[in-house]
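Observations on the model geometry
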Amino acid sequence: MASRSKLVRVLFQTSVRLSTPLRSYCSAPGQHSIIFRPRRALLFVAGNDERKICKIPTLDADCVVMDCEDAVAPSKKDEARKTVTRMLDEVDFGRTECAVRINSVDSGLADDDLLAILQAKNLPSAIVLPKVESVEEMQTFAANLNTAVAEIEVNPTFDLFAILESAKGLMNLQPILQEIVSLSDMSPFRLAALAFGSEDFAADIGASRTSEATELLYARQMVVLAAKAFGLQAIDYASVDFKDTESLKRQAEEGARFGFTGKVAIHPLQVPIIQQAFSPSPERVVWARGLIQAFQQHQQEGKGVFMYEGRMIDKPILLQAQNMVQSEAVEK
Ligand SMILES: CC(=O)SCCNC(=O)CCNC(=O)[C@H](O)C(C)(C)COP(=O)(O)OP(=O)(O)OC[C@H]1O[C@@H](n2cnc3c(N)ncnc32)[C@H](O)[C@@H]1OP(=O)(O)O
Ligand SMILES: CC(=O)C(=O)O
Ligand SMILES: [Mg+2]
């Protein structure tokens, strides 16, 4: 078992993957106290697909998620673990952040995933935990990660991305997130993002997927609300029909309007479309800057509410404009 002093030391470290430094530090839009790293497109790739993983540095994605879970057949799990571990050390991912999706706690495979990945010299900066459903699973995950980290010489801290993808997980979301936050005080992870696993979720509730995704509306909005309540990034669903780039643009822009901060990508074609949709347009940033300036002037004149370019402006609209300017600054 890890010693307590080792666990405590872990808390004071930030990122293990120093070769991909954060481009900037600031609060997430709408948040005021967390370190924010843009994760607009999270490009998934099967962990045993070396050819695709080697293409990642050319794709300019904010984040790659090397998958040991559902993109990998049961007979290839060990191959995926070994390939991911080797790729972490052999590939220079450039500005792209590296994350690894392990198998769910429930699968019984997660421990072997963690033990294998922690053998890499270049550890991933984030661990993606799928199918989060219960407080007990989170306790098992934290205990197993602590044990695995105690076996290695470095003291990493990982960002954790939890994927919500079942009715049970949705109903338990608040206690699960509370438990993760409380476990992170004594464990080498920091909860950073909540993602929505639409395909497993649709299967779980017996929904039929549509391009409009109305069948996912309630769950997606719950994910955004929970993420914001806990100061997390909110990652929207994977659009699996990757050749339909027109629908993807609409779906990604809708996600951004809902308050998501990024979206899962499964194919290189999707990366620029998603990253564009989650970046504020230059026109909107100019509008926001003008609004902020006008707000300050009106405040000095003692006016809380005023008209700007045909719209009523008061404090909440100022906060939205500030979010926009802040996102733009972070993404540069
Ligand atoms: C519901 C969920 O769980 S989503 C998350 C799990 N799913 C995944 O991880 C799937 C990730 N995506 C993929 O594996 C692939 O995109 C597939 C299987 C859907 C399609 O793959 P392909 O048939 O190779 O697509 P396509 O021929 O259009 O690819 C064009 C090029 O992009 C590469 N490419 C495709 N997808 C990816 C990817 N995710 N990452 C990196 N490169 C990729 C291909 O290798 C190909 O280049 P190449 O010809 O030099 O080999
Ligand atoms: C992304 C994912 O795991 C899902 O949609 O099920
Ligand atoms: Mg899934």
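Basis of the calculations
Residues numbered from 1 in each chain as written. Chains lettered and ligands numbered in written order. Predicted model: local features only at pLDDT ≥ 70, side-chain atom pairs only at ≥ 80, totals over all residues. Heavy atoms only, no water. Helix = DSSP H or I, 4+ residues; strand = E, 2+ residues; numbered from the N terminus. Buried < 20%, exposed > 50% of the residue type's maximum accessible area, 1.4 Å probe, protein only. Contact = heavy atoms within 4.5 Å. Areas by Shrake-Rupley, 256 points an atom, 1.4 Å probe, with all protein chains shown as cover. Pairing = 2+ DSSP bridges. Axes fitted to C-alpha atoms, helices over the stretch in contact; angles between N-to-C directions. Parallel < 35°, antiparallel > 145°, perpendicular 65-115°, else oblique. Left-handed = near helix turned anticlockwise from the far one by under 90°. Nonpolar A, V, L, I, M, F, W, Y, C, P; charged D, E, K, R; others polar. UniProt positions renumbered as here; feature names shortened; annotations may be inferred. Polar contact = N/O pair within 3.5 Å; in protein donor to acceptor, adjacent residues only side chain to side chain. Right-handed = clockwise from strand over helix to strand, strands pointing away. Near = heavy atom within 4 Å. Donors = N, O, S within 2.8 Å, 3.2 Å for Na, K, Ca; no water.

**Observations regarding the overall build of the protein chain**
Along its length, the protein chain carries 13 helices and ten strands. Within the protein chain, the proportion of its 332 residues that are buried is 52%. Sequence separation of at least 24 residues holds for 74% of the intrachain contacts in the protein chain that already meet a minimum separation of 6. As presented, the protein chain carries roughly 15,400 Å² of accessible surface, and 54% of it is formed by carbon and sulfur atoms.

**Focus: the sheet that holds strand E6 (residues 189–196)**
An order of E1-E2-E3-E4-E5-E6-E7-E8 is seen for the eight strands of this closed barrel, with the pairing classed as parallel. Averaged over neighbouring strand pairs, the angle between their axes works out to 30° when direction is ignored. As paired elements, strand E5 (residues 158–164) and E6 share seven bridges and run parallel to each other. From the neighbouring strand, leucine 160 faces E6, where its bridge partner is leucine 191. Packing of helix H11 (residues 270–277) onto the sheet brings it into contact with strand E1 (41–46) and strand E8 (262–265), and relative to E8 it is tilted by some 170°.

**Some remarks on the packing of helix H3 (residues 77–90) against helix H4 (residues 110–117)**
Where H3 meets H4, the closest approach of the two axes is 9 Å, and the angle between their N-to-C directions is 30°. Between H3 and H4, the interaxial angle falls into the category roughly parallel. Our pair here, H3 against H4, has a crossing hand that is right-handed. In this structure, H3 contributes Arg81, Val84, Thr85 and Leu88 to the contact, and H4 contributes Asp112, Asp113, Ala116 and Ile117. Here the contact of H3 with H4 is composed, by residue class, of four nonpolar, one polar and three charged.

**What about the UniProt feature "binding site: Mg(2+)" (unreviewed entry) in the protein chain?**
UniProt records the feature "binding site: Mg(2+)" (unreviewed entry) for Glu165 and Asp200 in the present numbering. In terms of the greatest pairwise C-alpha distance, the residues named above, spread along 36 residues, form a tight cluster of at most 5.5 Å across. Following the sequence through the fold, glutamate 165 ends up in the loop between E5 and helix H6 (167–171). Residue class for glutamate 165 comes out buried when judged on its relative accessible area of 5%. Once residues lying within four places of it in the same chain are set aside, the contact partners of glutamate 165 are Pro130, Lys131, Gly197, Asp200, Phe201 and Asp204. At a separation of 2.9 Å, a polar atom in the side chain of glutamate 165 contacts the main-chain amide nitrogen of lysine 131. Mapped onto the elements, aspartate 200 comes out in helix H8 (residues 198–205). Residue contacts for aspartate 200: discarding those within four places in its chain leaves Asp70, Lys131 and Glu165.

**Observations concerning the pairing of strand E4 (residues 126–129)**
The alternating pattern of E4 places Ala126 and Val128 and Ile127 and Leu129 on opposite faces, both of which are buried. Where the polypeptide runs from strand E3 (residues 97–101) across H4 and back to E4, its parallel neighbour, the crossover connection is right-handed. Pairing geometry for E4 and E5, over four bridges, is parallel. Bridge pairing links leucine 129 to alanine 162 in E5. Handedness of the E4-helix H5 (residues 135–150)-E5 crossover: right-handed.

**Side note on the site of ligand 2**
Neighbouring ligand 2 are Arg101, Glu165, Gly197, Ser198, Glu199 and Asp200. Arginine 101 places a side-chain nitrogen or oxygen 2.8 Å from an oxygen atom of ligand 2. Its free accessible area being 220 Å², ligand 2 has 89% of it covered by the protein chains. At three residues, H8 tops the list of elements feeding residues into the shell around ligand 2. The residue inventory of the shell around ligand 2, partitioned by class, reads no nonpolar, two polar and four charged.

**Focus on the coordination of the magnesium ion (ligand 3)**
For the magnesium ion (ligand 3), the full set of protein donor atoms is Glu165 (OE) and Asp200 (OD), at a range of 2.0 to 2.1 Å. Here glutamate 165, found in the loop between E5 and H6, pairs with aspartate 200, found in helix H8; they are 35 residues apart in sequence, far enough to count as distant. Classification of aspartate 200 by relative accessible area gives partly exposed; the value is 27%.

**A few points about the packing of helix H10 (residues 245–258) against H11**
Where H10 meets H11, the closest approach of the two axes is 8 Å, and the angle between their N-to-C directions is 30°. By the angle class used here, H10 and H11 are roughly parallel. Relative to H11, H10 is oriented so that their crossing is right-handed. Only Gln270, Ile273, Ile274 and Ala277 of H11 make contact with H10, whose side of the interface consists of Thr245, Leu248, Lys249, Ala252, Glu253 and Ala256.

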